[in-house]
Amino acid sequence: MIIGILKEIKTEEHRVAMTPAGVEMMTARGHEILVETRAGAGSGFDDDLYRKAGARIIDTAADVFARSDMVMHVKEPQPSEYGLLRKGQILFTFLHLAADRALTDALIKTGAVCIAYETIQKKDGSLPLLTPMSEVAGRMAVQEAAKLLEMSNGGLGVLLGGVPGVEPGNVLVIGGGVVGINAAKMACGLGARVILLDADLGRLRYLSDVMPKNCFLLMSTPAVIRERIQTADVVIGAVLLAGARAPRLVTREMLKTMKKGAVMVDVAIDQGGCFETSRPTTHTDPVFVEEQVIHYCVANMPGAVPRTSTLALTNATLPYALELADKGWQRAMRENPEIALGANVIDGKVTFPGVAQAFDYEYTPAASLIN
Ligand SMILES: NC(=O)C1=CN([C@@H]2O[C@H](COP(=O)(O)OP(=O)(O)OC[C@H]3O[C@@H](n4cnc5c(N)ncnc54)[C@H](O)[C@@H]3O)[C@@H](O)[C@H]2O)C=CC1
Ligand SMILES: CC(=O)C(=O)O
Ligand SMILES: [Mg+2]
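Quick notes on the rules
Residue positions within a chain follow its written sequence, with the count starting from 1. Chain labels run from A onward and ligand labels from 1 onward, assigned in the order the entries are written. Since the coordinates come from a predicted model, pLDDT governs what is reported: local features require at least 70, and pairs of side-chain atoms require 80 or more to be given and counted, while whole-chain, interface and lining totals use all residues. When DSSP finds two or more bridges between a pair of strands, those strands are recorded as paired. Per the convention used, a helix needs a DSSP run of H or I reaching at least four residues, while a strand needs a run of E reaching at least two, with both numbered from the N terminus. For helices, the axis comes from a line fit to the C-alpha atoms of the stretch in contact; other axes are also lines fit to C-alpha atoms, and the angle between any two N-to-C directions lies between 0 and 180 degrees. Here, residue contact means that the backbone-derived C-beta atoms of the two residues sit within 7 Å. Each residue receives a C-beta atom placed from its backbone. It is near a molecule or strand if this atom lies within 6 Å of it. Each residue gets one of three labels, nonpolar for Ala, Val, Leu, Ile, Met, Phe, Trp, Tyr, Cys and Pro, charged for Asp, Glu, Lys and Arg, and polar for the others, Gly among them. Reported domain spans reflect what an automatic or database domain assignment gives. With respect to orientation, any angle under 35 degrees is reported as roughly parallel, any angle over 145 as roughly antiparallel, any angle of 65 to 115 as roughly perpendicular, and every other angle as oblique. With the far helix as reference, a near helix turned anticlockwise by less than a right angle produces a left-handed crossing, and one turned clockwise produces a right-handed crossing. Note on terminology: a nonpolar core is any set of buried Ala, Val, Leu, Ile, Met, Phe, Trp, Tyr and Cys residues joined through C-beta atoms within 7 Å. With C-beta atoms placed from the backbone, a residue is buried if 20 or more other C-beta atoms are within 10 Å of its own, exposed if 12 or fewer are, and partly exposed between those counts.

**Observations regarding the sheet that holds strand E11 (residues 263-266)**
1) Next: Taken in spatial order, the seven strands make up an open sheet running E9-E8-E7-E10-E11-E13-E12, and their pairing is mixed. Because the sheet does not close on itself, it has two edges, and the strands there are strand E9 (215-219) and strand E12 (287-290). Ignoring which end each strand starts from, the neighbouring axes of this sheet average 20 degrees apart.
2) Next: Bridge count for E11 against strand E13 (residues 293-296) is three bridges, and the pairing is parallel. Among the inter-strand pairings, Val-263 is bridged to a residue of E13, identified as Ile-294.
3) Next: Relative to strand E8 (residues 193-198), helix H7 (residues 178-190) is tilted by about 170 degrees, and along the sheet it contacts strand E7 (170-174), E8, E9 and strand E10 (234-237).
4) Next: Strands in contact with helix H8 (residues 201-210) are E8 and E9; relative to E9, the strand with the most contacts, it is inclined by about 170 degrees.

Here it is as structure tokens:
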């Protein structure tokens, strides 16, 4: 198969979908890899490293799209790329369609086979391609929030760890999955007083076994959120209903009861956000203020630390990319149910229930489109 690796064009996105090490493994299996020039530059991989690994360097995205059977990105295609996708071509990348009707409609029009990293799911419910990026974003959420709490950045002037004789800051983490546990661990490590909420009692039991003493676990209910938000210096939104739009758990009314200069980091923004007042921001303009509370809502947080994130992401994506390349999408989906769950839009049909539900579109099971 011919596989195209595109340069990311989303604002301040410096990850790349395949490393030279991945190219070497792909070419050893007989696949041809086309890499758009400078696609790896932000992650520390120049064109020569890709050439040495066996890739061909291509000057333009249009050429990569035109020549490839499967194109790989990190983030969703941008409007300038919609017209470059074609019927039957595989697109393998993060998509987050339930939060983006315009992108969903554009992909439907292309007729391409659109497989989303974030909905590939193992039998145990885990999301193997989202997990490494959630680890990064969860850890980053606390370092971003700690900085924004400084008064020169508009924050209320609290040091999360406190000092001897002065109490630490309060961090409320909503959602105790991968983002949540990583954020809570970082905040605990800094010495903050951390409250971690989840709606799954089994998950809370697990967390109570592994989290340090300064992490308090509570069942997530509207009443608990309404009460705890009032004393929080930092709130981190980390909920997920896989592939579906995020539930809105913090309302504008709740925000009005918060401390002025407190910080909200809505990591779940890529699925639409879990605060009523959230809207997606970029690394170049990451924050805005609503009800005197600072909001950080960057939808591609790991893009800011590409040297870490590219390696973490491609460690996870490569085996799936290899399987798609070796077998083609139909056989790969037939033989591997994890990949079948990645199907979001195929040949103009919406094949993921959470996306169909978000926009009231007809849902077509991917299995019915496989010969
Ligand atoms: N902004 C960014 O750059 C990035 C965003 N993300 C996003 O972060 C979000 C979280 O991802 P993960 O932690 O990997 O998901 P996960 O599936 O590991 O965890 C989600 C957790 O939310 C819990 N939950 C569901 N409903 C809840 C409720 N009402 N109250 C409290 N908890 C609830 C679930 O029980 C689960 O434990 C996703 O939307 C993901 O796409 C992930 C990486 C980067
Ligand atoms: C998960 C995601 O949206 C990202 O890594 O950018
Ligand atoms: Mg989007």
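Let's pick the thread back up.
**Quick notes on the site of ligand 2**
1) Next: Ligand 2 sits among Lys-75, Phe-94, Glu-118, Leu-130, Met-133, Asp-270, Asn-300 and Pro-302.
2) Next: Taken together, the residues that form the shell around ligand 2 break down as four nonpolar, one polar and three charged.
3) Next: Split by domain, the residues of the shell around ligand 2 number at least three in each of domain 1 (2-120 + 306-369) and domain 2 (131-304).

**Topic: the sheet that holds strand E5 (residues 90-93)**
Sheet strands pair via backbone hydrogen bonds, and the direction of the pair is either parallel or antiparallel.
1) Next: Pairing within the open sheet is mixed, and its eight strands lie in the order E3-E2-E1-E4-E5-E6-E14-E15. Edge strands, defined here as strands with exactly one partner in the open sheet, are strand E3 (56-58) and strand E15 (349-350).
2) Next: Across the sheet, helix H11 (residues 306-335) lies against strand E1 (2-5), strand E4 (70-72), E5, strand E6 (113-116) and strand E14 (343-346), angled at about 125 degrees from E5, the strand it touches most.

**Topic: the site of ligand 1**
1) Next: Inspection of the region around ligand 1 gives 34 residues, with Ser-134, Gly-177, Val-179, Ser-220 and Met-301 positioned closest.
2) Next: Among the secondary structure elements, those contributing two or more residues to the shell around ligand 1 are helix H6 (131-148), H7 and E8.
3) Next: Of the residues that constitute the shell around ligand 1, the class distribution is 21 nonpolar, eight polar and five charged.

**Digging into the packing of helix H1 (residues 20-28) against H11**
1) Next: Across the interface, H1 lies against H11 with an axial gap of 11 Å and an inter-helix angle of 20 degrees. As far as their axial angle goes, H11 and H1 are roughly parallel. When you trace H1 past H11, the crossing you get is right-handed. Taken together, the residues of H11 that come into contact with H1 (itself represented by Gly-22, Met-25 and Met-26) are Thr-314, Leu-318, Leu-322 and Ala-325.
2) Next: Residues belonging to the contact of H1 with H11 are distributed by class as follows: five nonpolar, two polar and no charged.

**Comments concerning the nonpolar core**
1) Next: Counting residues in hydrophobic clusters, the biggest one holds 125 residues, and the most contacted among them are Ile-5, Val-173, Ile-174 and Ile-236.
2) Next: Here this core gets nine residues from one element, more than from any other, and that element is H6.
3) Next: Residue assignment places this core across two domains, with domain 1 (2-120 + 306-369) and domain 2 (131-304) each supplying three or more.
4) Next: Leaving out residues up to four positions away in the same chain, Val-173 has contacts with Gly-180, Ala-183, Ala-184, Val-194, Leu-196, Leu-197, Ile-236 and Ala-238.

Scope: geometric values only; no functional claims are made or implied.
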